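Notes for the structure review
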Amino acid sequence: MAIRLGDEAPDFTAESTEGTINFHEWKGDDWAVLFSHPKDFTPVCTTELGAVAALKPEFDKRHTKVIGLSVDPVDSHQSWKGDIADVTGHELNFPLIADGDRTVADLYDMIHPNANDTLTVRSVFVVGPDNKVKLTLTYPASTGRNFDELLRVIDSLQLTAGYSVATPADWKDGDDVIVAPALSDDEAKEKFPKGFEAKKPYLRVTPQPNK
Ligand code: BEZ
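Residues numbered from 1 in each chain as written. Predicted model: local features only at pLDDT ≥ 70, side-chain atom pairs only at ≥ 80, totals over all residues. Heavy atoms only, no water.

1. Considerations on the overall build of the chain
What counts here: Secondary structure elements are defined from DSSP: runs of H or I of at least 4 residues count as helices, runs of E of at least 2 residues count as strands, and each element is numbered from the N terminus. Relative accessibility under 20% of the residue-type maximum defines a buried residue, over 50% an exposed one, and the middle range a partly exposed one, all with a 1.4 Å probe and only protein chains included. Here a residue-residue contact requires only that any non-hydrogen atoms of the pair lie within 4.5 Å. For the area figures, the Shrake-Rupley method with a 1.4 Å probe applies, and any residue is considered shielded solely by the protein chains shown.
Per the secondary structure count, the chain includes six helices and 11 strands. Here the C-alpha coordinates of the chain stretch approximately 60 × 35 × 35 Å along the principal axes. Across the 211 residues of the chain, 44% fall into the buried class. Here the analysis covers contacts within the chain between residues at least 6 apart in sequence; of these, 64% occur between residues at least 24 apart. Taken as a whole, the chain presents about 10,500 Å² of accessible surface, with 50% of it coming from carbon and sulfur.

2. Side note on the sheet that holds strand β8 (residues 165–166)
Here is the rule: DSSP-based pairing: two strands are paired if at least 2 bridges between them are found.
Spatial strand order, β8-β9-β11-β10: four strands in an open sheet with antiparallel pairing. Of all the strands in the sheet, the pair left with one neighbour each is β8 and β10 (197–200). Here β8 runs beside strand β9 (residues 177–179); their pairing, made up of two bridges, is antiparallel. In the strand pairing of β9, V165 is matched with V179.

3. A look at the domain arrangement of the chain
Applied cut-off: Each domain's limits were defined by an automated method or a database of domain assignments.
Under the domain assignment, the chain is made up of domain 1 (13–145) and domain 2 (163–206). A separation of 35 Å is found between the C-alpha centroids of domain 1 and domain 2.

4. Topic: the pairing of strand β3 (residues 31–36)
We apply this condition: Note on handedness: a clockwise path from strand one over the helix to strand two, with the strands aimed away from the viewer, defines a right-handed crossover.
With six of six residues buried, β3 is to be regarded as a mostly interior element. Strand direction decides the pairing type here: β3 and strand β4 (residues 64–70), joined by six bridges, are parallel. Across the sheet, residue A32 finds its bridge partner in β4, namely K65. Taken together, β3, helix α2 (residues 43–61) and β4 form a β-α-β motif whose crossover is right-handed. Pairing analysis gives four bridges linking β3 to strand β6 (residues 122–127), with the strands arranged antiparallel.

5. Details of the site of the ligand
Spelled out, the test is: The cutoff for a nearby residue is simple: one of its non-hydrogen atoms must lie within 4 Å of the molecule or strand. For the purposes of these results, a polar contact is taken to be a pair of N or O atoms within 3.5 Å, where, inside protein, one atom must be able to donate a hydrogen and its partner to accept one; residues adjacent in sequence count only when each atom of the pair is a side-chain atom. All residues other than Ala, Val, Leu, Ile, Met, Phe, Trp, Tyr, Cys, Pro, Asp, Glu, Lys and Arg, Gly among them, are scored as polar; the first ten of these are nonpolar and the last four charged.
The immediate surroundings of the ligand are formed by P38, T42, P43, V44, C45, R122 and A141. Contacts to the ligand include P43, whose backbone N or O atom sits 3.3 Å from an oxygen atom. One nitrogen or oxygen atom from the main chain of V44 is found 2.7 Å from an oxygen atom belonging to the ligand. Relative to its free-state accessible area of 260 Å², the ligand is covered by the protein chains to the extent of 75%. Looking at which element gives the most residues to the shell around the ligand, the answer is α2, with three residues. Considered class by class, the residues forming the shell around the ligand number five nonpolar, one polar and one charged.

6. Considerations on the nonpolar core
Filter applied, for reference: Put simply, a nonpolar core is a bunch of buried Ala, Val, Leu, Ile, Met, Phe, Trp, Tyr and Cys residues held in one set by side-chain atoms that sit within 4.5 Å of each other.
Ranked by size, the top nonpolar core spans 24 residues in total, and within it V33, F35, L49, F59, F94, V126 and L150 carry the most contacts. Not counting the four nearest positions on each side in its chain, L150 is found in contact with V33, F59, V124, V126, L135 and L137. By size, the runner-up hydrophobic cluster in this structure holds 20 residues, among which are A14, I21, L69 and V127.

7. Some points on α2
What counts here: Take the number of residues in a helix, subtract one, and multiply by 1.5 Å to get its expected span. Bend is computed residue by residue as the angle between axes fitted to the seven residues ending at the residue and the seven residues starting at it.
With 19 residues, α2 should cover 27 Å at 1.5 Å per step; its first-to-last C-alpha distance of 29 Å lies within 8% of that length. Of all the bends in α2, the greatest reaches close to 50° and is centred on L55; the proline P57 follows between one and four positions later. One or two positions beyond α2, positive phi appears at H63, with a value near 50°.

8. As for the sheet that holds strand β1 (residues 13–16)
Inclusion rule: Fitted lines through C-alpha atoms serve as axes, helices being fitted only where they are in contact, and the angles separating the N-to-C directions of these axes extend from 0 to 180 degrees.
Pairing within the open sheet is mixed, and its seven strands lie in the order β2-β1-β5-β4-β3-β6-β7. Edge strands, defined here as strands with exactly one partner in the open sheet, are β2 (21–22) and β7 (133–139). As paired strands, β1 and β2 are joined by two bridges and run antiparallel to one another. The residue bridging A14 from the neighbouring strand is I21, located in β2. In this fold α2 packs onto β3, β4, β5 (96–98) and β6, with an angle of close to 165° to the strand it touches most, β4.

9. Digging into the packing of α2 against helix α3 (residues 74–88)
Our working definition: Each angle receives one of four descriptions, namely roughly parallel if under 35 degrees, roughly antiparallel if over 145, roughly perpendicular if within 65 to 115, and oblique otherwise.
Their axes nearest at 9 Å, the elements α2 and α3 cross at an angle of 75°. For the element pair α2 / α3, the angle class is roughly perpendicular. For the pair α2 and α3, the contacting residues are C45, T46, T47, L49 and G50 in the first and W80, D83, I84, V87 and T88 in the second. Class assignment for the residues of the contact of α2 with α3 results in five nonpolar, four polar and one charged.

Structure, rendered in structure tokens:
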């Protein structure tokens, strides 16, 4: 069954390029990004894994661990690592799960048979410190993901977890945010000492509270 926002991220134990990993234990109290790619030694996947490796310090800053997955075996992942470094200039610096028996792919509904019977689609799951799923994305094999967008969403998820705000279209860390509609004006005045501007009664903006 599909995994929905707010569901507990299913736990699993799997082989990876960094040895056997128990997902919940490995993740601990951090945030995590679990993402699948269809196949080793394929062009789009090679660029994606290099892109995530390059952004690893940004994920670290956000206390977010990253872990990739495909249904290829560990020895294939290990031999592919050289190509990823060669092509992208970035060594793989996070674990890649080898899900040959599709245990994790099935658990997370990463195989969409009408797209491909055997290979995983490009799924992304962002999991919070409480092990609940905060974001899901599904891309087709032909489209590489934008991992800067993933960082932007993590910034929003982390901010909105701590403050009664939402983030508008194309928001970036440091931009003004939206006061949660559930707050009355009086409550908003108390929570946001910098004040807010009511563009409409239901759309009130305030400077990002943790800046
Ligand atoms: C790729 O990563 O380039 C790819 C993988 C599977 C199917 C199509 C493209």
